[in-house]
Amino acid sequence: ALAAFAGAALGAVAAVALTACLWRRRKQKWRAKDKVACAPSLHEVLAARIELYELKGQYYQVLGHAWDHEVKDFKVVYRPLYHCTAKADRFEAHYLAVSHFSRWDEKFRKVDLATEYEGRDDKDGVPDEVKRRILLGLVWRDGDWRFPDRAAGGADNGGRSGLGTRSHEA
């Protein structure tokens, strides 16, 4: 009788442990799914100083400005906020890209996050599938950096490098 009771107790403990394990795993899957499906709020986007742009119905997030050694000037570093596959004679599939400022300034429209992110009256906001792709965190960190995050145009770089049309030090 004692052996039967011990066996039943062991079976019950195993069943409870298995149920707890499965419940924990299911809860972790729900959390992971929620994190993927969750779009940042307007407050989070404004606090992170996100720069969002639109071109022909597609959205892009500016991540910063980078020095291009080949052309010896700064370029805009951005992230398409859609799944960007290859297009014949145009580009390869990518998740980050660079553009020169003249193209960027001419073609891309800056999204006014305060009024356009969530939508107002008869206008739709930024689509949820776009919001879910926004990166809120830093893409670089340098504790010694003492210049603005973005390179300013119209710089006279003669006293520094003598190169480029923009500078962080302007």
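Below, the structure is looked at part by part. (Residues numbered from 1 in each chain as written. Predicted model: local features only at pLDDT ≥ 70, side-chain atom pairs only at ≥ 80, totals over all residues. Heavy atoms only, no water.)

Among the structural elements, Glu 54 can be located in strand S1 (residues 51-55). Look at Glu 54 and you get buried, because its relative accessible area is 16%. Among the polar contacts made by the side chain of Glu 54, one reaches the main-chain amide nitrogen of Gly 57 at a distance of 2.6 Å. With near-sequence residues (within four places) excluded, Glu 54 lies in contact with Tyr 59, Lys 107, Phe 108, Arg 109 and Val 111. (Helix = DSSP H or I, 4+ residues; strand = E, 2+ residues; numbered from the N terminus. Buried < 20%, exposed > 50% of the residue type's maximum accessible area, 1.4 Å probe, protein only. Polar contact = N/O pair within 3.5 Å; in protein donor to acceptor, adjacent residues only side chain to side chain. Contact = heavy atoms within 4.5 Å.)

Let us now look at the packing of aromatic side chains. Within a pair of aromatic rings, the relevant descriptors are the distance that separates the centres and the angle that separates the planes. For the coordinates displayed, the defined rule picks out 9 aromatic pairs. With centroids separated by 3.8 Å and ring planes inclined at 15°, the aromatic side chains of Trp 104 and Phe 108 adopt a geometry described as stacked. Residue Trp 104 is classed as buried on the basis of its relative accessible area, which comes to 3%. You can call Phe 108 buried: its relative accessible area is 8%. For the pair Trp 145 and Phe 147, a centre-to-centre distance of 5.2 Å together with 80° between the ring planes defines the contact as edge-to-face. Residue class for Trp 145 comes out partly exposed when judged on its relative accessible area of 29%. Connected via pairs of aromatic rings, a cluster forms that spans Tyr 53, Tyr 60, Tyr 78, Tyr 82, Trp 104 and Phe 108. Over the face of the ring belonging to Tyr 117 we find Lys 131, whose NZ or CZ atom lies 4.5 Å from the ring centre. (Phe/Tyr/Trp six-rings, centres within 6.5 Å; stacked < 30°, edge-to-face > 60°. Lys NZ or Arg CZ within 6 Å of the ring centre and 35° of its normal.)

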